[in-house]
Amino acid sequence: MARRYVCVLALAAVLLPIFTSVSRSKGLRGRELQGTSRIPSRFSEEERVAMKEALKGAIQIPTVSFSHEESNTTALMEFGEYIRKVVPTVFNTSFIQHEVVGKYSQLFTVTGSDPSLQPYMLMAHFDVVPAPQEGWAVPPFSGLEREGIIHGRGTLDNKNSVMAILQALELLLIRNYMPRRSFFIALGHDEEVSGMRGAHRIAALLQARGVQLAFIVDEGSFIFDGFITSLKKPFAMISVSEKGAIDLMLQVNMTPGHSSAPPKETSIGILSAAVSRLEQTPMPNMFRSGPLKTMLQGLASEFPFPINIVMNNLWLFWPLVSRLMERNSVTNALVRTTTALTMFNAGIKVNVIPQVAQATVNIRIHPAQTVHEVLEHLKNTVADDRVQFQVLRAFDPLPISPSDDQAWGYQLLRQTIQSVFPEINTVVPGFCIGNTDSRHYTNLTTGIYLFNPLYLTPQDFKSIHGINEKISVQAFETQVKFIFELIQNADTDRKPVLHQHEL
Ligand SMILES: *[C@@H]1O[C@H](CO)[C@@H](O)[C@H](O)[C@H]1NC(C)=O
Ligand SMILES: *[C@@H]1O[C@H](CO)[C@@H](O)[C@H](O)[C@H]1NC(C)=O
Ligand SMILES: *[C@@H]1O[C@H](CO)[C@@H](O)[C@H](O)[C@H]1NC(C)=O
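Attention in this report is confined to the structure presented alongside it. Keep in mind the model is a prediction, meaning the values are calculated, not measured.

What follows is about the nonpolar core. In this structure, Met163, Ile417 and Phe482 are the most contacted members of the largest nonpolar core, which totals 93 residues. Per element, the largest residue contribution to this core is 10 residues, and it comes from helix α4 (residues 159-173). Shared between two domains, this core holds at least three residues of each, these being domain 1 (6-241 + 398-489) and domain 2 (243-394). Excluding anything up to four places from it in sequence, Phe482 contacts Leu413, Thr416, Ile417, Val420, Phe421, Phe451 and Pro453. One finds Leu278, Ile363, Val374 and Leu375 within the second-largest nonpolar core, a separate group that totals 21 residues.

Next up on the list: the site of ligand 1. The immediate surroundings of ligand 1 are formed by Pro62, Asn72, Thr74, Ala75 and Glu78. Take Asn72: an N or O atom from its side chain is 2.4 Å from an oxygen atom of ligand 1. Between ligand 1 and Glu78 there is a distance of 2.5 Å, counted from an oxygen atom to a side-chain nitrogen or oxygen. Taken by itself ligand 1 offers 360 Å² of open surface, and the protein chains cover 46% of this.

Moving on, we get to helix α2 (residues 45-59). Relative to the 21 Å expected for 15 residues at 1.5 Å per residue, α2 spans 22 Å between its end C-alpha atoms, a close match to the ideal helical length. Residues Glu47, Met51, Lys52, Ala54, Leu55, Lys56, Gly57, Ala58 and Ile59 constitute the buried set of α2. Tucked inside the fold, the buried residues of α2 contact α3 (73-86), β4 (145-146), β5 (149-151), α4, β19 (470-472) and α14 (473-489).

Ligand 3 sits among His200, Gln207, His440, Thr442 and Asn443. Between an oxygen atom of ligand 3 and a side-chain N or O atom of Asn443, the distance comes to 2.2 Å. Against a free-state accessible area of 360 Å², the protein chains account for coverage of 41% of ligand 3. Across the shell around ligand 3, the residue classes break down as no nonpolar, 5 polar and no charged.

About the criteria used
- Residues numbered from 1 in each chain as written.
- Chains lettered and ligands numbered in written order.
- Predicted model: local features only at pLDDT ≥ 70, side-chain atom pairs only at ≥ 80, totals over all residues.
- Heavy atoms only, no water.
- Core = buried A, V, L, I, M, F, W, Y, C linked by side-chain atoms within 4.5 Å.
- Buried < 20%, exposed > 50% of the residue type's maximum accessible area, 1.4 Å probe, protein only.
- Helix = DSSP H or I, 4+ residues; strand = E, 2+ residues; numbered from the N terminus.
- Domains from an automatic or database assignment.
- Contact = heavy atoms within 4.5 Å.
- Near = heavy atom within 4 Å.
- Polar contact = N/O pair within 3.5 Å; in protein donor to acceptor, adjacent residues only side chain to side chain.
- Areas by Shrake-Rupley, 256 points an atom, 1.4 Å probe, with all protein chains shown as cover.
- Expected span 1.5 Å × (residues − 1).
- Nonpolar A, V, L, I, M, F, W, Y, C, P; charged D, E, K, R; others polar.

Spelled out as structure tokens, the structure:
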């Protein structure tokens, strides 16, 4: 009897999650995340004004990274003082430790009440790329608000995240919140120029302290709106990887000579033939490896007929889809490692055959490949020993973080997206073509998730590093609310799990 009862329970336990997952999100919302009493994410008028004013003030500090060597250090220093003023409680709470790392980067250690729960980390960066005045509707460092929109460099990349994280924590603290699970907040000051002085040092410091993280959330992906023309509804993408990169210099050295009696082959001719071969021989299409296929399958039911049939049956249609993706330069960058020839130098005088010819190639590595593999491949394509390879800089793609039902960080983000953005039906894993500070943290965790809780249109996308970068007050408030919810959701010790794959 007892035994039979156990079996029925087990069966119910197996079946129930199927219904929950079939009815999509609705049944999940909130329920799995309850446990301890929650602080509702409702903010007073006064708090909402303070929230947007704090962002405007942050935009007004021109924390520009001009180059690897040069940044506005006065502004970086000023930013550190500024945050003390706008989130005073964060700096005056006994269970929060604050450290400045690499002179300007900011690290907060928030110690939870339950040391058995593995900590996580929220990341953002407060340096920005330069913003020449030309073309801007308002001065880029004014932080002006017009018709509910805050304008300025850093409103999307990435002071919005910096201020949203700090303010969400401040608002929780003044409501007497005390976390169960510890977490870190790492705010970098040189992300736009590699993160070697900021994020890299924070990562090394935490590694030396033996810290291991359950997961990391950094900038990178968004709720995409209007990027895929046949998709009517926006969808959320959590990036689980990002491309790697190689800056490669190719060089040919030949005997110099006079142009009146030229040799059969010159450094220029040899190098030209080599780079032409690189351009004519694209790296292999990696459509079937990596997160892209999972992403399209996740989006399948959102597409209209007949694309939905194609996306639902990629086992059959993948050759077609992967070839279609090669046709457009943006989607092509999603299916393969790209090689862009960006510099070419040789020769100084019209009648002198130059000794040296040099070309620089910027390579972006698909998550399914490595620096080593790509270099081997390029050497085989060039197939000429006279062409020397010099690697100027190289790093591997981010290892692909798990996004399955057991992936705690991913599922936590997914559920928070579904509760804060109930209108979003689809959350899919993806990967970033660009790079973030999170690559410095690969020793600390296997779960690196890139997601900004914001709607992004193609026009917004162009404004990042371009002109007229802006965010609506409402979108920023929602970002604060998202972090406010996420921090509380992370306190649960129950891993949110859907068991459908265990059948
Ligand atoms: C650097 O930042 C300070 C404010 O912190 C500002 O007054 C100054 O104009 C900035 N310098 C440059 C070159 O942008
Ligand atoms: C910090 O908090 C303590 C009480 O916990 C309070 O007495 C003190 O005034 C606060 N300091 C600041 C600068 O807010
Ligand atoms: C990971 O740790 C190893 C060993 O300490 C170190 O050499 C390497 O640079 C670290 N990687 C990163 C990305 O920090």
